[in-house]
Amino acid sequence: MIRVMENEALLAKFFPDNVPSLEAMLEQAAKLLPEQAVLQWFVHHNTLHSFEHLEFEKAVITASAKLGTEAFQSEAKYRDFMASGRIIEADLDFALQPSEQRDEAELFVGGPTVYAFRKMRLKHLFEIPQGSALNWLLSEGNIKKEIQQDVAPERKAQLLEQAKFRFGELPAATQEALLLESLWNALHNATAETHTEKPLPRRRDQILELFGIDTDDWVHSMMIRLAGAYLDQGLAYWSMPNRERGFLNAFRSLYSLPYGPPDRWRRALSELLKQQHGWSAEQTVRWTLQELSVPEHLWPTYIEKTLLSLRGWAGMFRQFELDPKKAPVKAWPATLMDYLAVQLILDLLAVRYALKEQLGDESAFEKIEQILSEKMSRVENAEKDLSLVYEAFVLAQHSDLNLGVFFDLRNCACWLDEVKRFNTLERKRLLQRAFEHRHLVHILDTLQVAEPIEPQNTPAAFQAVFCIDDREESYRRHLEEVDPSFDTYGYPGFFGVAMAYQGPTDVRPRALCPVSMQATHFVQVVQDQKNKSIFSHWHHMLFVGSSTLIRGFIITLFGSLAAIPLIFTVLFPRLFASLIAGWSPSIRKGDRLLYERQNNIKESDLPIGYTHEEMANVVEKMLRETGLENKLSNLVFLVGHGSISVNNPHLAAYGCGATAGGSGGSNARVCASMANHPRVREILASRGLPIPQNTHFIGCLHDTCTDDVFLFDEEDVPSEHEAAIARAKKAFGETGLRNSKERCRLFGVVSTSISPKQAKAIVHRRSIDLSEPRPEYNHTKNSLCIVGQRKWTRGLFLDQRAFLVSYDPKADPSGERLEEVLMGSVPVGVGINLEYFFSHVDNRIYGAGSKLPHNITGLFAVMDGHASDLRTGLYQQMIEIHEAVRMVSVIQASPQVLKSVMKNRPGIENLVKNKWLELVAWDPENQAISWFKDGEFQDYVPESDLVPLYKDSLDYCENTRLSLPFAKRTCSADERQV
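Residues numbered from 1 in each chain as written. Predicted model: local features only at pLDDT ≥ 70, side-chain atom pairs only at ≥ 80, totals over all residues. Heavy atoms only, no water.

Student: How should the environment of Ser894 be read in this particular structure?
Tutor: Considering the arrangement of structural elements, one finds Ser894 in the loop between strand E20 (888-891) and helix H34 (895-904). By relative accessible area, which is 14% here, Ser894 ends up buried. (Helix = DSSP H or I, 4+ residues; strand = E, 2+ residues; numbered from the N terminus. Buried < 20%, exposed > 50% of the residue type's maximum accessible area, 1.4 Å probe, protein only.)

See the structure below:
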């Protein structure tokens, strides 16, 4: 009773009726957290989704300030781009287009204009030493004795003449040193003293600044263990108790027990938690913030910084809260408010302990703020920015000015002001704009000279519908070269089948559809009992038993036997894989696809299977949007894709984005089965879309890691197609060899002179090699999306950079179909593109760092080593050769049609107007190209009509690892130009 009365008194004191909403503060802070779901549901998305309401450049700069990230690539990379011709002077002119009257004003009388200064600065990118490195150069180096080595020879001659004019009676070396010394002193004297004040929003930051004690080291270590144990999906044999009551209550039940934890900083935890008995998470958060003496107006910032201090774990709690269905096994009740309450409780204990140890008072918050204020206001903190002086000093040498102008204090001050104003961030913003401009020009100049190419036979002997995935660009190109009678199409890889799919080895269904959609039907594959293996049962028993006391001890006694398969796996991966394959049952042999409606029975609130009308809708949409209607060949291959590799926690990131990281082969198989169904064909015929009787659809899976193509339900293909099937399979096999050869040039340890057969063996080995961090490079070159007829891009070498989406503009004059096509392709492509962009720009925070130290935790995420924040984004080995450019979307439609589409689709309009992608209209009537710029479509004027020509893809990309210019293939004898 006493305890209850005490709690009621505390509640009355700290929680009056009219209080600010912590929920609103938390919702705002949650927008900054990673939105990455569990590993099995890894879906590419815009890392800065919560900033999409801002213009792109402003968004990345704002995010950089909030998250402590890099906004753009390093200046060293831009310097390399300029050296290699990836940025030319015309691109700098484009980036520097004068936008203000100030740009045409002189910095000082006789000095350069702002525009000229900035262009000169962008041409001269150099490292600016900081701190001790600069001090060493000033004391030990020759920077004030000799002209900079990279100064142009003619400019150096001018400077030596100026030195001779001023100090002619002295030796030449002395003249040079005196001129530079005078320049340095003039700039140094004109530099104002600066006083930098670091923002210290959290108590932890203040204690670290004053005493060098990082209380996050204590708190995070415990939070990682607690959060991991709570969210665990079955990796731990002994699970955390009371998880069904929520994270905060489970935490309280554990640490309210007597005999508190051994760490001295949290000895008071048990008593503190007893005091909070019955409090909600929100009440706990409010009380803790007040105990930390955080002013109420700073609560939003304090909450934000607290969550961002372990952003990966906080983000995962948020994902379990928002979409618990995506938990691999079971979603325990997880809320971000619970998570915040636990972290703040531990923060409070750590801060109190540190203050008591250092100042003898655990509540000395006013005292530490006073000490900090005195420290920050000391005169000795003010100093001159020597890095600014150095930058201005070097730039003066590169300029075309007589250095005598800098001996005027006012001129020096103006020069220094502009150097400071045109800082690193502003330079990189413009350099990124220049880099992307060259990329855009490269694309549009190539498309300007494109000419339509079609197979010799119309309709083609074979038709193959691939996912729009950029990795399929090279595969389709090689397939059309190997057998020109193939006509290829691009369609989102879920093939319109938004299903919850459960294969014979799946524990539970998973949605195979874009993340923006919900699964509408349940589809299952049932495998005959005789095909099921007992090895999976024994594997599960061994896995669980290894974590127990008695069975774990017994298994350990025989643990040395595990070295045998490990040695074979590491040293002889291909041999061992072939042996295992012989023991493992085929998941495709003898299975039954259950995709037809079964008496309106439901599974997890979804109907089992599709009705005939629903199937007809799926097939009709696919045929009309791809342009396949009324011109079907005898064999139509629907090719989904997936990627198979071992020891790869991020396997879903290599999967199909249109199936939320799953494999699109199952969707292709279901769609093909629907298209072959007699009743579906009857319905389609009644809708004016007849499918010829001799046309057969075949579902396929393209493994983008091994470049193998597997055909589903081959036994159901009519015998009349036997010869054609053999020919198609031969073409797929040859294409796999050639595509593997092109892909292998990206692997730095693989010779560029290997044969296609050797390349195929290499990519297969990489898929089964336990030690391989780069099974494939995935979307690493993505930068372009083309929506239109294949005949206009057939014969173009697009270097695996393009998402290719089939669309016939002549069959859709109003653009009604185009809306659906764009909604099914643009969000997926933009999500992939931007995640690669940001993971490449700052892999430390936006990305996951190196894959090598990654360990799976709880079957849902990865950490570095045994304990760290969760690593989100793409790991380093996936993006290391990527070029960070925003996607260019080229749509075969008139500007008027695209304007109408944007008006009807605000999501796409927002992405376009805020420049998260570049939009280009490719008019199907006259092939004119218009670029959406400054809020309007503007006619594009090509820079050049000179595009490289090639006869064969492998010849064109032979002996080079670099990105290649887009090129145009000379038409083969088996194809015709129209």
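Let's pick the thread back up.
Student: Where do I start with the sheet that holds strand E6 (residues 499-502) in this structure?
Tutor: Consider a sheet: its strands pair through backbone hydrogen bonds, and that pairing is either parallel or antiparallel. One open sheet accounts for four strands, arranged E7-E6-E8-E9; its pairing is mixed. Of all strands in the sheet, those bounded by a partner on one side alone are strand E7 (510-512) and strand E9 (591-594). Between one strand axis and the next, the sheet turns through 30° on average, direction left out of account. (Pairing = 2+ DSSP bridges. Axes fitted to C-alpha atoms, helices over the stretch in contact; angles between N-to-C directions.)

Student: In this structure, what is going on with the packing of aromatic side chains? I would like to understand it.
Tutor: The geometry of an aromatic ring pair is captured by the separation of the ring centres together with the interplanar angle, meaning the angle of the planes. Under the counting rule described, the total for this entry stands at 35 aromatic pairs. Taken together, a centroid distance of 5.1 Å and an interplanar angle of 45° make the contact between Phe317 and Tyr339 tilted. Here Tyr339 lies in helix H17 (residues 336-359) and Phe317 lies in helix H16 (residues 311-322), a separation of 22 residues in the sequence. Cluster of aromatic residues (ring-pair linked, three or more members): Phe56, Phe837, Phe838, Tyr846 and Trp916. Stacked on the ring of Phe126, the Lys or Arg Arg121 has its end atom at 4.5 Å from the ring centre. The lysine or arginine in question, Arg510, covers the ring of Trp41, its NZ or CZ lying 4.8 Å from the ring centre. (Phe/Tyr/Trp six-rings, centres within 6.5 Å; stacked < 30°, edge-to-face > 60°. Lys NZ or Arg CZ within 6 Å of the ring centre and 35° of its normal.)

Student: Please clarify how unusual backbone geometry should be interpreted in this entry.
Tutor: The phi angle of most residues is negative, glycine excepted, and most peptide bonds adopt the trans form. The phi dihedral of Asp713 falls on the positive side, at around 50°, and the residue is not glycine. Relative to the helices and strands, Asp713 resides in the loop between strand E14 (708-711) and helix H30 (722-744). A positive phi angle, close to 65°, is found at Lys915, a residue other than glycine. Along the chain, Lys915 falls in the loop between helix H35 (906-913) and strand E21 (918-922).

Student: Even after reading the chapter, I still don't get the nonpolar core, so can you show me in this structure?
Tutor: Nonpolar side chains tend toward joint burial in soluble globular proteins. Ranked by internal contacts, the top residues of the largest apolar core, which has 195 residues, are Phe251 and Trp415. No other element matches H17, which puts 16 residues into this core. Here Phe251 is in contact with Met222, Leu226, Met240, Leu269, Leu273, Val342, Ile345 and Leu346, once residues within four sequence places are set aside. Core analysis: the second largest hydrophobic core is formed by 35 residues, Val497, Val523, Leu593 and Leu684 among them. (Core = buried A, V, L, I, M, F, W, Y, C linked by side-chain atoms within 4.5 Å. Contact = heavy atoms within 4.5 Å.)

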